[in-house]
Amino acid sequence: MHQTQPALRKTPLHAVHRRMGAKMVDFGGWDMPVQYSGVLDEHHTVRQRVGVFDVSHMGEIEVRGPEALKLVELVTTNAASKLKVGQAQYSALLYEHGGFVDDILVHKVADDHYFICVNASNQDKDYEHIAANNPFDATVENAGPRYAQIAIQGPRALETLQKLTPVDLQPIRYYHFTDGVVSGIPARIARTGYTGEDGFEIYIAPEEAARIWEEILTAGEEFGIKPAGLGARNTLRLESKMALYGHEIGASITPWEADLAWIVKLDKGEFIGREALIRQKEQGVTRKLVGFEMKGRGIGRDGYEVFVDGLPSGWVTSGGPAPTLNKNIGLCYLPATLAEVGRTIHVMVRGQGVEAVTIPTPFYKRAK
Amino acid sequence: MYPENFRYTKEHEWVNVEGDTGTVGITSHAQEELGDIVYVDLPKVGSTAEKGKTLGSVESVKAVSDIYAPVSGEVVAVNELLATAPEKLNEDPHGLAWLVKIKLSAPAEAQELLSAADYQAYVGAE
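Cut-offs used in this document
- Residues numbered from 1 in each chain as written.
- Chains lettered and ligands numbered in written order.
- Predicted model: local features only at pLDDT ≥ 70, side-chain atom pairs only at ≥ 80, totals over all residues.
- Helix = DSSP H or I, 4+ residues; strand = E, 2+ residues; numbered from the N terminus.
- Rg over C-alpha atoms; globule rule 2.2 N^0.38 Å.
- Buried ≥ 20, exposed ≤ 12 C-beta atoms within 10 Å, placed from the backbone.
- Contact = placed C-beta atoms within 7 Å.
- Domains from an automatic or database assignment.
- Pairing = 2+ DSSP bridges.
- Core = buried A, V, L, I, M, F, W, Y, C linked by C-beta atoms within 7 Å.
- Axes fitted to C-alpha atoms, helices over the stretch in contact; angles between N-to-C directions.
- Parallel < 35°, antiparallel > 145°, perpendicular 65-115°, else oblique.
- Left-handed = near helix turned anticlockwise from the far one by under 90°.
- Nonpolar A, V, L, I, M, F, W, Y, C, P; charged D, E, K, R; others polar.
- Arc of directions from axis to C-beta.

1. Some words on the overall build of chain A
Then step 1. On a plain count of helices and strands, chain A comes out with eight helices and 19 strands.
Then step 2. What you see for chain A is a C-alpha radius of gyration of 21 Å, in line with the 21 Å of a compact globule of 368 residues.
Then step 3. Along the first, second and third principal axes, the C-alpha atoms of chain A reach 60 × 55 × 50 Å.
Then step 4. A burial count over chain A gives 48% of its 368 residues as buried.
Then step 5. Residue pairs at least 24 apart in sequence account for 66% of intrachain contacts in chain A once pairs closer than 6 positions are excluded.

Rendered as structure tokens:
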């Protein structure tokens, strides 16, 4: 028997990655670069200089119309009504039962236009979820194929991108964006990222992505820019304790559990999942996401079991080496009663309980 | 690139037999596939290695890979260097960064493994 796998999806930069010698992997159905020069080198390059990532696999959903805000408010947890034009907001789509459909970035382009960046493998599901809950005078477009997305991240990101755009980047504050021009073509330029460093994410036409990728690399050459892959993206986001769908969050996890209460505004009015969240808050949240650091020899990795006082108590959602901190870290779910900082836990590594201790998060925070 | 006097497995280990002892490591191809190696888990001196069974593991930033014993016998030495400098496995996998030495209980086993030329052809075709 021979089973044919569905063809992997490719970003507009796929041929560039192949040509530049990136190691490619299947990431949620996308053929993506996992590393170029090496995960550690790319990680340090982003923390110390500047790295560039192809994140064109991410999805974009556009909500337009006189009642666009009403729809966004109904399907998301954060207060979209508080957004000013040119501002972005981390938020979530929930099911009625309070579990995550996805975590998202909502950008307010205009009073009647919201631009939502969503996870690659969730984009069709997210689009259907939003469209199915739309009784308003608003249109929903699954716009992923119209955008390539490139992330320029690190302390030299601003200087790098500034060489390619007439837009003055310095005044754009964190989690704000502007529509301007990069290398002669229209671009949405957002001061956002998934690395814990300063940086930008630009949304551009896919046909122009390869040219702009090259121009970014040339512009950043004097700062030591390097292309970076999903491997470094993961170690960077884990150090900064940014959630990854399918790991820290998912359909069976609520924002209370995932330590994401700050993106839930219960007092903003009706939204999908609100009732369930109120109920869970009344009844008490029984498990919580906590950070840990390995004490014994071994690395706690995604999916490994966690024991407290000899009893199975939770699981590791993401774990691995933290290159900036030079230790092995992770995030895990534990019963809320056991989830305080400073607790000794054991992570089951290939049949052996290896000692670890819960520690405060984020593990890494950049100096302002 | 692959030393002529070593023998190789399809799981990307090598063994260099000298007298009744085999020095065991992973191949350059293996370290390249793994990427940055950050942790090496090796058996204790005195433990028994059985050909084809798990001998230990090597971890890169991203993933864990088992190491399989290419030959059977008693583990008589482990490379202490790798406990503090696992990155040596990326730099010198056929030399300084050997993993263990095994006192062979069935010396003929090594002859069943791939020659350098056969291994080169195998990874070339992989």
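2. Observations regarding the domain arrangement of chain A
Then step 1. Domains assigned within chain A are domain 1 (14–56 + 147–239), domain 2 (59–145) and domain 3 (286–359).
Then step 2. Measuring from the centre of the C-alpha atoms in domain 2 of chain A to the corresponding centre in domain 3 of chain A gives 34 Å.

3. Overview of the pairing of strand β2 (residues 30–35) of chain A
Residue and element names in this part refer to chain A.
Then step 1. Relative to β2, strand β1 (residues 23–27) runs antiparallel, the two being bridged by five bridges. Within β2, the residue paired with F27 across the bridge is W30.
Then step 2. Counting the residues between successive antiparallel strands, the hairpin from β1 to β2 contains two residues, one of them, G28, with a positive phi of roughly 55 degrees.

4. Here we look at the nonpolar core
Then step 1. Membership of the largest hydrophobic core comes to 126 residues, with the highest contact counts inside it found for A:V63, A:V72, A:I116, A:I150 and A:I152.
Then step 2. Those residues in contact with A:I152, other than ones at most four positions away along the chain, are A:V50, A:V52, A:A157, A:T160, A:L161, A:G199, A:F200 and A:I216.

5. Details of the interface of chain B and chain A
Then step 1. Contacts between the two partners involve nine residues from chain B and, on the opposite side, eleven residues from chain A.
Then step 2. Elements that contribute at least two residues to the side of chain B that touches chain A include exactly β4 (37–41) and β6 (54–60) of chain B.

6. Quick look at the packing of helix α2 (residues 39–48) of chain A against helix α7 (residues 230–239) of chain A
All names here are of chain A.
Then step 1. Put simply, α2 and α7 touch, their axes get as near as 8 Å, and they point 55 degrees apart. By the criterion of interaxial angle, the relationship of α2 to α7 is oblique. Handedness of the crossing formed by α2 with α7: right-handed. Seen from α2, the contacting residues are V39, E42, H43 and V46; seen from α7, they are G231, A232, T235 and L236.
Then step 2. Residue classes in the contact of α2 with α7 are distributed as four nonpolar, three polar and one charged.

7. Some remarks on the sheet that holds strand β7 (residues 64–68) of chain B
All names here are of chain B.
Then step 1. The strand order β4-β6-β7 describes an open sheet built from three strands, whose pairing is antiparallel. Looking at the sheet topology across the chains shown, the edges are occupied by β4 and β7. Each adjacent strand pair in this sheet contributes to an overall mean axis angle of 25 degrees, direction not counted.

8. Section: unusual backbone geometry
Residues and elements named next belong to chain A.
Then step 1. Here the bond from T361 into P362 is cis, since omega is 0 degrees, no more than 30 degrees from zero.
Then step 2. With respect to the secondary-structure elements, P362 resides in the segment after β19 (352–359).
Then step 3. Here the phi dihedral of Y175 falls at roughly 60 degrees; this positive angle occurs in a residue that is not glycine.
Then step 4. Along the chain, Y175 falls in the loop between α5 (157–162) and β10 (177–182).
Then step 5. Judged by the 16 C-beta atoms lying within 10 Å of it, Y175 is partly exposed.
Then step 6. For S183, which is not glycine, the phi dihedral falls at a positive 50 degrees.
Then step 7. Residue placement: S183 occurs in the loop between β10 and β11 (185–190).
Then step 8. According to the C-beta neighbour criterion, S183 is partly exposed, with 17 such atoms within 10 Å.

9. Some remarks on helix α6 (residues 209–219) of chain A
Residues and elements named next belong to chain A.
Then step 1. Residues of α6 that are buried include every one of A209, I212, W213, I216 and A219, and no others. Within α6, the buried residues cover an arc of 130 degrees as seen down the axis, which keeps them to one side.
Then step 2. Those residues of α6 that are buried are in contact with α1 (14–19), β3 (51–54), β9 (148–153), α5, β10 and β12 (199–204).

10. Some remarks on the sheet that holds strand β9 (residues 100–104) of chain B
Residue and element names in this part refer to chain B.
Then step 1. Across the sheet, six strands lie side by side as β1-β2-β3-β9-β8-β5; this open sheet has antiparallel pairing. Edge positions in the sheet fall to β1 (7–8) and β5 (48–49), since each of these pairs with one other strand and no more.
Then step 2. With six bridges connecting them, strand β2 (residues 13–18) and strand β3 (residues 21–26) associate as antiparallel partners. Each residue of the ladder has a partner; that of V17, found in β3, is G22.

11. Topic: helix α3 (residues 68–75) of chain A
Then step 1. Taking burial as the measure, the eight residues of α3(A) include seven buried ones, the bulk of the element.
Then step 2. Those residues of α3(A) that sit buried are A:A68, A:L69, A:L71, A:V72, A:E73, A:L74 and A:V75.

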